[in-house]
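# A structural walkthrough
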Amino acid sequence: MINFIFFYYPIFVIISMVIQMENILIIGAGPAGLTAAIVAARNGKKVTIIERNSKCGKKLLLTGNGKCNFWNKEQNITHYHSSSPLIKNFITEKRQNSVLSFFDSLGIIYKEKNNYYYPFTNQALTIYNALLLECQKLGIKIINDITVEKIIKEDCFIINPEKENIKAKTIIIAAGSKAMSKTGSDGLGYTLAKSLGHTIIKPLPSLVQLKGEESYFKNWSGIRSHVLASLYIDNTLIKKEEGEVQLTNYGLSGICIFNLSGLAAKALDKNKKVEISLNFMSFTQNYKNFLKDLNKKSSNKTINELLEGFLNYKLIDIILKKANIKRNLKLNTLSEIELNKLIENLTNFKIKITSTNTLEHAQVCSGGVPLEEINNETLESLKVKNLYFVGEIIDIDGDCGGYNLGWAWMSGIVAGKNVK
Ligand SMILES: Cc1cc2nc3c(=O)[nH]c(=O)nc-3n(C[C@H](O)[C@H](O)[C@H](O)COP(=O)(O)OP(=O)(O)OC[C@H]3O[C@@H](n4cnc5c(N)ncnc54)[C@H](O)[C@@H]3O)c2cc1C
């Protein structure tokens, strides 16, 4: 018997090493982690996912108001943001082209509306189910209800050494950011990355509402208006976005505001002056002629009645008060100075922004693991061998419109293909 063990022992060791070599452990079963798992398993790897929630993909199910805007037809680098210029090596055309083939391979039928892609069913659940079904078919083991709190790197990685003591040769951290922590991503991924020697670029809310302290907010709450919104930082125009804005009792919301919010959050964090200017007349370029023309067509109307043609009545009161113009005057009785002041308030209505809404309300975070610390070809850490990052934990965030999930899929595919 002893002879038998001695004879076969090296073979047992080699077999167990081979098994361990194939063992990939993914932390987080969000869109990025599930994608990495599927692609790695399709490449013959043995994959295990640890997810702290009893249900995977909680955030995924909330996306696009439950409809999941999972991709955008208009793919160019300007929709993705990072503090590093290296971003161009991470968001490549080849990676963008890989996403829809991945969805085709999952059998998901999708539709496009104004460049936004949704599953044909209009349900995030369709994508969620397809991902989990594929995991099941590929034999990917998903362990729920374990929070990875500690990772030690020795010959292999040891996860939660004092508790579950799980060992893995390779790990992929797919733990998300700290936006909307009730979904499970509460920033613990950053702590794990730090404990393994990485730095973290300060996570700040992005795709979030902007707040101010103006007394008129209570009067405009509930109004939606089409605007051209401009972000000014320290009096310099930084970025413009056109679309529907929601005027609320704390300030501003809506997609165009969300797309300005990441830059606003970074500026506020540095104590810079942040303002949003709203142009309520973005449908024309020649404001004065437009108003004079409107007045000619309806010469019996007072100013507030004229403005009701394109503005909510509550907003008219606020604008006229700010411009110090009486509502029942006729437009042609205004002096040139008064007319200019009216136009200034209609087209450059400035709001001082004092804060963003909290991380709990943000859709994503900017910041995370710096691109300089990650191999752009493979998404492997440049500091720790066999450690990979995917998804929102990396210092890349996107505009509203499917770009954040876009990065989750793209990065999951890259790491899944390259993981060893
Ligand atoms: C309300 C809302 C709507 C959104 N809508 C859209 C949209 O329509 N289109 C779009 O492109 N983007 C949208 N986003 C953004 C998008 O959902 C995220 O960018 C994306 O989910 C990030 O994927 P991820 O896999 O990197 O992280 P996550 O989805 O956050 O997944 C991370 C997973 O890791 C788990 N985890 C974290 N830490 C640990 C740990 N220590 N141990 C074990 N498990 C852990 C978490 O529980 C979670 O399941 C939306 C976000 C929100 C909040």
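This section reports on the structure supplied with the text. (Residues numbered from 1 in each chain as written. Predicted model: local features only at pLDDT ≥ 70, side-chain atom pairs only at ≥ 80, totals over all residues.)

Moving on: the site of the ligand. Contacts to the ligand come from 41 residues, most closely from G28, G30, G176, G184 and G391. Only α2 (31-42), β2 (46-51), α3 (58-62), α7 (188-195) and α14 (403-418) provide two or more residues apiece to the shell around the ligand. A per-element tally of the shell around the ligand places α14 first, with five residues. For the shell around the ligand, the residue count by class is 18 nonpolar, 18 polar and five charged. (Near = placed C-beta within 6 Å. Helix = DSSP H or I, 4+ residues; strand = E, 2+ residues; numbered from the N terminus. Nonpolar A, V, L, I, M, F, W, Y, C, P; charged D, E, K, R; others polar.)

Next up on the list: the sheet that holds strand β18 (residues 349-353). Strands belonging to one sheet form pairs held by backbone hydrogen bonds; the direction of such a pair is parallel or antiparallel. In spatial order, the strands read β18-β17-β14-β15-β16-β13-β19; together these seven strands make up an open sheet with antiparallel pairing. Whereas interior strands pair on both sides, the edge strands pair on one side only; in this sheet they are β18 and β19 (355-356). Two strands pair when backbone bridges link them, and strand β14 (residues 223-233) and strand β15 (residues 236-247) are joined in this way by eleven bridges, in the antiparallel orientation. Following the sheet pairing, R224 is matched in β15 by Q246. (Pairing = 2+ DSSP bridges.)

For the rest of this paragraph, the subject is the sheet that holds strand β7 (residues 141-144). Taken together, the five strands give an open sheet; going across it, the order is β7-β2-β1-β11-β21, and neighbouring strands pair in parallel fashion. Unpaired on one side and paired on the other, β7 and β21 (387-389) mark the two borders of the sheet. Neighbour-to-neighbour, the strand axes of the sheet open up by a mean angle of 20°, direction not taken into account. Two strands pair when backbone bridges link them, and strand β1 (residues 23-27) and β2 are joined in this way by five bridges, in the parallel orientation. Bridged to I24 within β2 is V47. (Axes fitted to C-alpha atoms, helices over the stretch in contact; angles between N-to-C directions.)

A few words now on the packing of helix α5 (residues 93-105) against α14. For the pair α5 and α14, interaxial distance at closest approach is 9 Å and the crossing angle is 95°. Taken together, the axis directions place α5 and α14 in an arrangement best described as roughly perpendicular. Taking contact as the criterion, the partners of R95, Q96, S98, V99 and F102 in α5 are, on α14, G406, W409, M410, I413 and V414. The class makeup of the residues in the contact of α5 with α14 is six nonpolar, three polar and one charged. (Parallel < 35°, antiparallel > 145°, perpendicular 65-115°, else oblique. Contact = placed C-beta atoms within 7 Å.)

It is worth spelling out the nonpolar core at this point. If you look at the biggest cluster of nonpolar residues, it comprises 67 residues, and the most contacted ones within it are I26, A36, A37, I172 and I173. Of the residues forming this core, the biggest block, nine residues, is contributed by α14. Beyond its immediate chain neighbours, meaning those up to four positions away, A36 contacts I26, I172, A174, V390, G412, A415 and G416. Counting residues in each nonpolar core, the second largest holds 43 residues, with A229, I257, L315 and V364 among its members. (Core = buried A, V, L, I, M, F, W, Y, C linked by C-beta atoms within 7 Å. Buried ≥ 20, exposed ≤ 12 C-beta atoms within 10 Å, placed from the backbone.)

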